[in-house]
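Tertiary structure, described
Below are the chains, spelled out letter by letter.
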Amino acid sequence: MDLETRTCQNHLKKESWRTVLTLAYQSLGVVYGDLSTSPLYVYKSTFDEDIMHTETNEEIYGVLSFVFWTLTLVPLLKYVFIVLKADDNGEGGTFALYSLLCRHAKLNPLPSFQLADEELSNYKKDIDTHAPTTFGAKVKSTLERYRVLQRFLLVLALIGACMVIGDGILTPAISVFSAVSGVELSLGKEHHKYVEVPVACMILIALFSLQHYGTHRVGFLFAPVVVTWLLCISAIGIYNIIHWNPYVYRALSPYYMYKFLKKTQTRGWMSLGGILLCITGSEAMFADLGHFSQLSIKIAFTSIVYPSLILAYMGQAAYLSRHHVMESDYQIGFYVSVPEKIRWPVLVIAVLAAVVGSQAIITGTFAIIKQCSALGCFPRVKILHTSSTIHGQIYIPEINWTLMLLCLAVTVGFRDTRRMGNAAGLAIITVMLVTTCLMSLVIVLCWHQSVSFAICFVIFFGTIEALYFSASLIKFLEGAWVPIAMAFIFMIVMCIWHYGSLKKYEFDLQNKVSVDWLLSLGPSLGIVRVRGIGVIHTELVSGIPAIFSHFVTNLPAFHQVLVFVCVKFVQTPHVRHEERFRVGYIGPGEYRIYRCIVRYGYRDAHKDDSQFQDDLVCNIAEFIRTGNTGLNSNAADLKNFEDSTAVGTASTHVSRVQLREDDEVKSDSVGTSELREIHPSQLTKTKKSVKFVISETTKIGRGAHEELRELMEAREAGIAYILGHYYVQAKQGSSLFRRIVINYGYEFLRRNSRPLTYALTVPHASTLEVGMVYHI
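Residues numbered from 1 in each chain as written. Predicted model: local features only at pLDDT ≥ 70, side-chain atom pairs only at ≥ 80, totals over all residues. Heavy atoms only, no water.

A short note on the overall build of the chain
Helix and strand counts for the chain come out as 28 helices and 12 strands. For the chain, the proportion of its 776 residues judged to be buried stands at 57%. Considering only contacts within the chain whose residues lie at least 6 apart along the sequence, 83% involve residues at least 24 apart. Carbon and sulfur atoms make up 60% of the accessible area of the chain, which totals about 33000 Å². (Helix = DSSP H or I, 4+ residues; strand = E, 2+ residues; numbered from the N terminus. Buried < 20%, exposed > 50% of the residue type's maximum accessible area, 1.4 Å probe, protein only. Contact = heavy atoms within 4.5 Å. Areas by Shrake-Rupley, 256 points an atom, 1.4 Å probe, with all protein chains shown as cover.)

Rendered as structure tokens:
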């Protein structure tokens, strides 16, 4: 018996390690595509103008030493051993750190936040119950007290997001252009520039044009391509080390960095912007954490990526240390160190690796924009999920074509890796600086570590990144202005949309309809109640929206069952399906008016399809079944409804109330337990039969039985969607700044963003929009 138990445990252990190694292999294609292609352009960008490659080899050895220690300290030490531990329920990235800080300090930047959201299992999962340090408690109270600091924290997170978007524009351009630049060794100097740009543009157009198919169709090729590329550059590196300079390993000593800076001085400091490109893509290790695991990413980087990159850079340095006089200045790049016989196969592999690396950053850009939109900081866009199994694979048409046009503009406008590198370097290092700042707060507030540890973290890594940041910023006129300009534009868009959305929500709160008004209408609401379910989408989590009274005042009929649905996002990456719906009454039960709050995490996929409709109806039915119909109809109890009677209900996957459509479905398909069915009226003739299936052991009162029957008849008649169509204007007496922001900025974004029907993907045939003017 003991032997069998031990064998079973060993089998589970082997299986878990097999899973980890599989994830590590898959992460090579998704996470490290960008980082692995950096040897294509690092040396070329570094030696382009600022420093010269002399016969003393002090420059090339100094650059190699800088590359080695930068790769060791930033990706390996900072990200692999420290930052990866700051995950938000398994998710990583700038918004994961921001979400952690908001939950620990209870900043709650979302206006629809409720105390019940803190009861979510994922919300409290990462919150440490240990008492914070004295300094941490002071920082927490200061953040919670001052609104200015909370806004600064949000702006800091948005700056990081804007620079990630800039990286999504610049990285495909420099990666593809550098990979294609290998043709320069086969063509004459006069002709290669006429070939590189058109070929790079064609590859970029093909790359962005295929995005709507999703990466899951060709994703199985990503890891083999990157593995082949890493093995290729490491083998070429070993060959160059052995053949040209076996003693190049001595340049790994930090002493050569000192000699480099002493000799080159200001020019050497300016060349750090090119060396910085060796860590491009390091942020992806943290941003793509949700698709893999900490251990798999660590194994992939330490065992394959890191050694391959070091060998590649050492091999290039070994070759250049024996070749001081080049035929042309532009031939100091990667391909000059590749043996001539294998140059064309390497060129093909490099182009494929560049495409894979570009695909990863494009997908990451889609993800960061989805998170910004979920937190109310980006206009509504149409988000298409290209994979039914992997939640992170999405496609945003507007953003895709915008990225393509900007990427082509950068490629055609710059036409060389030097200015592209200056632009990409500034975007990369800014994101890393934002991560360092947010991590220092996470160390104190979330990990409850000593303030000295946080200070040491900021000083050590902040100094390194500030040095590279200053070297990139000095190249402002030579390409570095591009990410600043793009980030500035995206930042204005995000701030205007966030400000306008916040003011619009405040207007909704101030103009919501009171419960007393609803009680005065009576169960029929003073109008004709027609068959069917009316779903009224609202952003309010409490109260009755103004569009309801606007509709009732102008139209003489409404549906027999009304559901006020609020779809909102919370400060956690994922919400478990069984905790997603919260259902309650508005008014007495005989009014047949319900409120349903649907909660999603900022990384969750929201699809308002037939499955969502079934989940909505089943959760209302489960709310009725559990005995929540015995509410007093007096006004005092009804006014306290929002805080007392909205309860969470289970999803259709675990609910005891199940929904069936079509009479062909047999009762034994549900399970072996005895079931009874609630049928609608036999006199009703419809195209689709709907019924609820409830276990025989469940006791239901007469009132709940009638309410379930009426809900079922309404579902069988169909669902109609009532949406608000808002026109926003600044109210009279507003300042000039508010009038410009609201009347021109926010209104322009609202008109050119996707309407609510696209964001919710509700059927147009059953949609009714109610127009209102908001004076905010």
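Still more ground to cover, so stick around.
Observations regarding the pattern of salt bridges
Here the structure, examined in full by the defined rule, presents 15 salt bridges. Two residues, E506 and K503, come together in a salt bridge whose shortest N-O distance is 3.6 Å. You can see E506 and its partner K503 sitting in helix 20 (residues 481–510), three residues apart, about one turn around the helix. On the basis of relative accessible area, E506 is assigned to the partly exposed category, the value being 31%. For E710, the salt bridge goes to R592, with nearest N and O atoms at 3.0 Å. In this pair, E710 sits in helix 26 (residues 702–717) while R592 sits in the loop between strand 5 (581–585) and strand 6 (593–601), placing the two residues 118 residues apart along the sequence. When its relative accessible area of 23% is taken as the criterion, E710 is described as partly exposed. Members of the salt-bridge network, linked through shared partners, are E58, E59, K259 and K263. (Salt bridge = Lys/Arg side-chain N within 4 Å of Asp/Glu carboxyl O.)

Focus: the packing of helix 10 (residues 222–244) against helix 16 (residues 343–374)
In the contact formed by helix 10 and helix 16, the axes pass within 9 Å of each other and the chain directions differ by 130 degrees. The pairing of helix 10 with helix 16 is recorded here as oblique in orientation. Considering how the two elements wind past one another, helix 10 and helix 16 form a crossing that is left-handed. Along its contact with helix 10, which presents F222, V225, V226, T228, W229, C232 and I236, the element helix 16 presents V346, I349, A350, L352, A353, V356 and Q359. (Axes fitted to C-alpha atoms, helices over the stretch in contact; angles between N-to-C directions. Parallel < 35°, antiparallel > 145°, perpendicular 65-115°, else oblique. Left-handed = near helix turned anticlockwise from the far one by under 90°.)

Considering the packing of helix 8 (residues 147–180) against helix 20
The description of two packed helices rests on the angle between their axes and on the distance between the axes. Look at helix 8 against helix 20: their axes get within 9 Å of each other, and the N-to-C directions meet at 130 degrees. In terms of orientation, helix 8 and helix 20 fall into the oblique class. With respect to the hand of their crossing, helix 8 and helix 20 are arranged in right-handed fashion. For the pair formed by helix 8 and helix 20, the contact residues are L154, V155, L158, I159, C162, M163, I165, G166, I169 and L170 on the first element and V482, P483, M486, A487, F490, M491, M494 and H498 on the second. Broken down by class, the residue content of the contact of helix 8 with helix 20 amounts to 16 nonpolar, two polar and no charged. (Nonpolar A, V, L, I, M, F, W, Y, C, P; charged D, E, K, R; others polar.)

Quick notes on the confidence of the model for the chain
Mean pLDDT over the chain works out to 80, with 82% of the residues at or above the 70 mark. Ranking the helices and strands of the chain by mean pLDDT puts helix 10 first, with 94, and helix 24 (residues 635–639) last, with 37. In the predicted structure, residues 629–655 sits below a pLDDT of 50 and forms 59 contacts with residues beyond four places in sequence or in another chain. (pLDDT = per-residue confidence, 0-100.)

Focus: helix 7 (residues 134–145)
When the terminal C-alpha atoms of helix 7 are compared, their 17 Å separation across 12 residues agrees well with the 16 Å that a helix rising 1.5 Å per residue should span. Every buried residue of helix 7 is listed here: G136, V139 and L143. What you see down the axis of helix 7 is that its buried residues fit within an arc of 60 degrees, all on one side. Exposed side of helix 7, more than 90 degrees from the buried face: T134, K138 and R145 are the residues found there. The inward-facing, buried residues of helix 7 contact helix 5 (94–105), helix 8 and helix 18 (417–445). (Expected span 1.5 Å × (residues − 1). Arc of directions from axis to C-beta.)

Some details on the packing of aromatic side chains
Within this structure, the stated rule accounts for 24 aromatic pairs. Measuring from centroid to centroid gives 5.5 Å for F548 and F558, while their planes differ by 45 degrees, and the two rings are tilted. You can see F548 sitting in helix 22 (residues 546–554) and its partner F558 sitting in strand 4 (residues 557–570), a full 10 residues away along the chain. Pair check on accessibility: F548 and F558 agree, each one buried. Put simply, the rings of Y61, Y255, Y256 and Y258 pair up and form one aromatic cluster. Above the ring of Y726, the side-chain terminus of K504 is found at 4.4 Å from the ring centroid. (Phe/Tyr/Trp six-rings, centres within 6.5 Å; stacked < 30°, edge-to-face > 60°. Lys NZ or Arg CZ within 6 Å of the ring centre and 35° of its normal.)

A closer look at a nonpolar patch on the surface
A surface patch of nonpolar side chains, amounting to about 430 Å² of accessible area, comprises L473, F476, L477 and W481. Inspection of the secondary structure puts W481 in helix 20. (Patch = residues over 30% accessible without salt bridge, like charges linked within 9 Å, V, L, I, M, F, W, Y side chains within 5 Å.)

Looking at the pairing of strand 6
Burial within strand 6 is extensive, with nine of its nine residues counted as buried. Burial along strand 6 is two-sided: the residues I593, R595, I597, R599 and G601 and Y594, C596, V598 and Y600 are all buried. In this structure, strand 4 lies alongside strand 6, joined through nine bridges in parallel fashion. Across the sheet, the residue bridging to V570 is G601, located in strand 6. Here strand 5 runs beside strand 6; their pairing, made up of five bridges, is antiparallel. Its bridge partner being in strand 6, Y585 is matched across the sheet by Y594. (Pairing = 2+ DSSP bridges.)

Points about the state of the cysteines
Using the criterion set out here, one finds zero disulfides in the structure. Note on C377: no disulfide assigned, nearest cysteine sulfur contributed by C372 at a separation of 6.3 Å. Cysteine C596 shares no disulfide, and the gap to the nearest cysteine sulfur, in C566, comes to 9.4 Å. (Disulfide = S-S within 2.5 Å.)

Details of the side chain of R625
Mapped onto the elements, R625 comes out in helix 23 (residues 610–625). Only 2.5 Å separates the side chain of R625 from the side chain of E622, close enough to count as a polar contact. (Polar contact = N/O pair within 3.5 Å; in protein donor to acceptor, adjacent residues only side chain to side chain.)

Let's talk about unusual backbone geometry
Unlike most non-glycine residues, N57 shows phi in positive territory, near 65 degrees. Taking relative accessible area as the criterion, N57 reaches 7% and is therefore assigned buried. In the Ramachandran plot, H448 falls in the positive-phi region, its phi being about 55 degrees despite a non-glycine side chain. Mapped onto the elements, H448 comes out in the loop between helix 18 and helix 19 (451–473). The buried category is assigned to H448, whose relative accessible area is 16%.

A short note on the nonpolar core
Counting 165 residues, the largest nonpolar core has Y32, L64, L71, F301, Y313 and M439 as its most contacted members. Here this core gets 18 residues from one element, more than from any other, and that element is helix 8. Not counting residues up to four positions away in its chain, the partners in contact with Y32 are S27, V226, M285, I297, A300, F301 and V305. In this structure, F548, F551, Y746 and V770 belong to the second largest nonpolar core, which totals 32 residues. (Core = buried A, V, L, I, M, F, W, Y, C linked by side-chain atoms within 4.5 Å.)

A word on the environment of R603
Note that R603 resides in the loop between strand 6 and helix 23. By relative accessible area, which is 7% here, R603 ends up buried. Spatially, the C-alpha atoms of R603 and A374 are 8.4 Å apart, while their sequence positions differ by 229 residues. Of the polar contacts made by the side chain of R603, one reaches the side chain of E91; its length is 2.7 Å.

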